[in-house]
Amino acid sequence: MSTYSSNLRIELISNGTQAGTWGDTTNNNLAYVLDSSIAGYQTVSVTAASQALTYTSGPTATASANQAVYAMLRFTTTTGAAFAVYAPPASKAYVVWNNSGHAMTIYNSTVIGNTTAAGTGITIANGDKV
């Protein structure tokens, strides 16, 4: 049975398991988690006033299902107003580009997938890259 690392949710293979298939898991961890977290770029379309970044356990080829892993995030919106984004409560650095036409505030959430802030957020003006 696999477990997952606390920050990037990398699949950690239990000793003696996945005989003959562990290479697939390792390659997926490298391609869809580690590579994305170091050099990956993802556009996030915000559709609500408060929206959590998606975050899954283990690797996935579906980028929109694991937004929080990516190193660089470009935000757009259809809300027509300022909005808030919530990152998982894990240690992770991001390059953030607010390309939405509105101010955004990014927070750490209290729980993965939650829109409850765990502290003060950082407001990013439209057009800024931080």
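Quick look at the structure, then. The residue numbers shown here count from 1 along each chain, following its written sequence. Since the coordinates come from a predicted model, pLDDT governs what is reported: local features require at least 70, and pairs of side-chain atoms require 80 or more to be given and counted, while whole-chain, interface and lining totals use all residues. Excluded from the side-chain calculations are hydrogens and water; all other atoms, namely the structure's heavy atoms, are used.

1. Re the pairing of strand E3 (residues 41–46)
And then number 1: Exposure classes here rest on a 1.4 Å probe applied to the protein chains alone. A residue is buried below 20% of its type maximum, exposed above 50%, and partly exposed in between. The way it works is that DSSP assigns letters per residue, a run of H or I at least four long becomes a helix, a run of E at least two long becomes a strand, and they are numbered from the N terminus. Of the two faces of E3, only the one carrying Gln42, Val44 and Val46 is buried; Tyr41, Thr43 and Ser45 on the other face are not.
And then number 2: Judged from the six bridges that link them, E3 and strand E5 (residues 72–77) form a sheet pairing that is parallel. Opposite Thr43, over in E5, you have Arg74 as the bridge partner. Think of it this way: DSSP has to see at least two bridges between two strands before they count as a pair.

2. Considerations on the sheet that holds strand E4 (residues 50–52)
And then number 1: The strand order across the open sheet formed by four strands is E4-E6-E8-E9, and the pairing between neighbours is mixed. Each end of this open sheet is capped by a strand with a single partner; those strands are E4 and strand E9 (122–124). Each adjacent strand pair in this sheet contributes to an overall mean axis angle of 25°, direction not counted.
And then number 2: The sheet contact formed by strand E6 (residues 83–87) and strand E8 (residues 104–108) spans five bridges and is parallel. Across the sheet, the residue bridging to Phe83 is Met104, located in E8. Here an axis means a line fitted to C-alpha atoms, over the contact stretch when the element is a helix, while the angle between two N-to-C directions is reported on a 0 to 180 degree scale.

3. A look at the sheet that holds strand E7 (residues 95–98)
And then number 1: Overall, parallel pairing links the three strands, which are arranged E3-E5-E7 in an open sheet. Because the sheet does not close on itself, it has two edges, and the strands there are E3 and E7. Along the sheet, successive strands turn relative to each other by an average axial angle of 25°, direction set aside.

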